[in-house]
Amino acid sequence: MITDDTHAFVAALPPMQALMGLDLGDKTIGVAVSDTFWSVATPLETVRRKKFGVDAARLQTLIGERRVGGLVLGLPRNMDGSEGPRCQSTRAFARNFANIWDGPITFWDERLSTVAAEKALLEADTTRKRRAEVIDHVAAGYILQGLLDRVRVIRAET
């Protein structure tokens, strides 16, 4: 199931399983995971992109190891909110991944996630080299944390 509706995504999630956030880039995929209570996102790793089958196999391994029940993909909208070619690529990745994994998949507006991650790393006095190594999975953490914060509001409403 792929949905843009956060309420439908939450309703489809299995209980007590982690969520995984992905920041899809041309060369890398930043990966972050949550705890099973959907409270905190933790940056995990950056996967160097090869081809879809290899990338998907690595993600499936992580999903199995971390008992992931749902995926959130950062949707790189344009600053005016419209969707361009990068959004189309992200949605295509979701469709392809849904063919090999049964869990729910949703999207989260990632417009400023990399900027926020870069700022946090600069404030932490991280070296330029280290920032380059971790920026993608730190950005995935921001994407996932945004969704987790929204899920908390949805759960409080019910």
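Above this note sits the structure.
Here is what the cut-offs are and how they apply
Residues numbered from 1 in each chain as written. Predicted model: local features only at pLDDT ≥ 70, side-chain atom pairs only at ≥ 80, totals over all residues. Heavy atoms only, no water. Helix = DSSP H or I, 4+ residues; strand = E, 2+ residues; numbered from the N terminus. Expected span 1.5 Å × (residues − 1). Buried < 20%, exposed > 50% of the residue type's maximum accessible area, 1.4 Å probe, protein only. Arc of directions from axis to C-beta. Contact = heavy atoms within 4.5 Å. Phe/Tyr/Trp six-rings, centres within 6.5 Å; stacked < 30°, edge-to-face > 60°. Lys NZ or Arg CZ within 6 Å of the ring centre and 35° of its normal. Pairing = 2+ DSSP bridges. Right-handed = clockwise from strand over helix to strand, strands pointing away.

### Quick look at helix α2 (residues 52–66)
For α2, which comprises 15 residues, the first-to-last C-alpha distance of 21 Å matches the rise-based estimate of 21 Å (1.5 Å per residue) to within 8%. Considered for burial, the residues of α2 that qualify are D55, A56, L59, L62 and I63. Each buried residue of α2 sits inside an arc of 120° when the element is viewed along its axis, so together they form one side. Exposed side of α2, more than 90 degrees from the buried face: G64 and E65 are the residues found there. Check the buried side of α2 and you find it contacts β2 (18–24), β3 (28–34), β4 (41–48), β5 (68–75) and α3 (85–98). Just downstream of α2, R67 is the residue with a positive phi angle, here 50°.

### Notes on α3
The terminal C-alpha atoms of α3 lie 20 Å apart, and with 14 residues this matches the ideal 20 Å at 1.5 Å per residue to within 8%. Of the residues making up α3, those classed as buried are C87, T90, R91, F93, A94 and F97. Within α3, the buried residues cover an arc of 155° as seen down the axis, which keeps them to one side. In α3, the exposed residues that point more than 90 degrees away from the buried face are P85 and Q88. Lining the buried residues of α3 we find β1 (2–3), β2, β3, α2, β5 and β6 (105–109).

### Some remarks on the packing of aromatic side chains
Under the counting rule described, the total for this entry stands at three aromatic pairs. Centre to centre, the rings of F52 and F93 are 5.4 Å apart; their planes meet at 75°, and the pair counts as edge-to-face. Here the residue F52 occupies a position in helix α2, and F93 occupies one in helix α3, the gap between them amounting to 41 residues. Judged by relative accessible area, F52 falls into the partly exposed class, the value being 29%. Ring centres 6.1 Å apart and planes at 50° place the aromatic pair F97 and W101 in the tilted group. Here the aromatic residues F52, F93, F97 and W101 are joined through ring pairs into a cluster of three or more. The ring of F107 has R91 sitting right over it, with the charged end atom 4.6 Å from the ring centre.

### Brief notes about the pairing of β5
Counting buried positions along β5 yields eight of eight residues, so the element is predominantly enclosed. Pairing geometry for β5 and β6, over five bridges, is parallel. Within β6, the residue paired with V72 across the bridge is T106. Each parallel crossover has a hand, and the one from β5 via α3 to β6 is right-handed.

The analysis is restricted to geometry; functional conclusions fall outside its scope.
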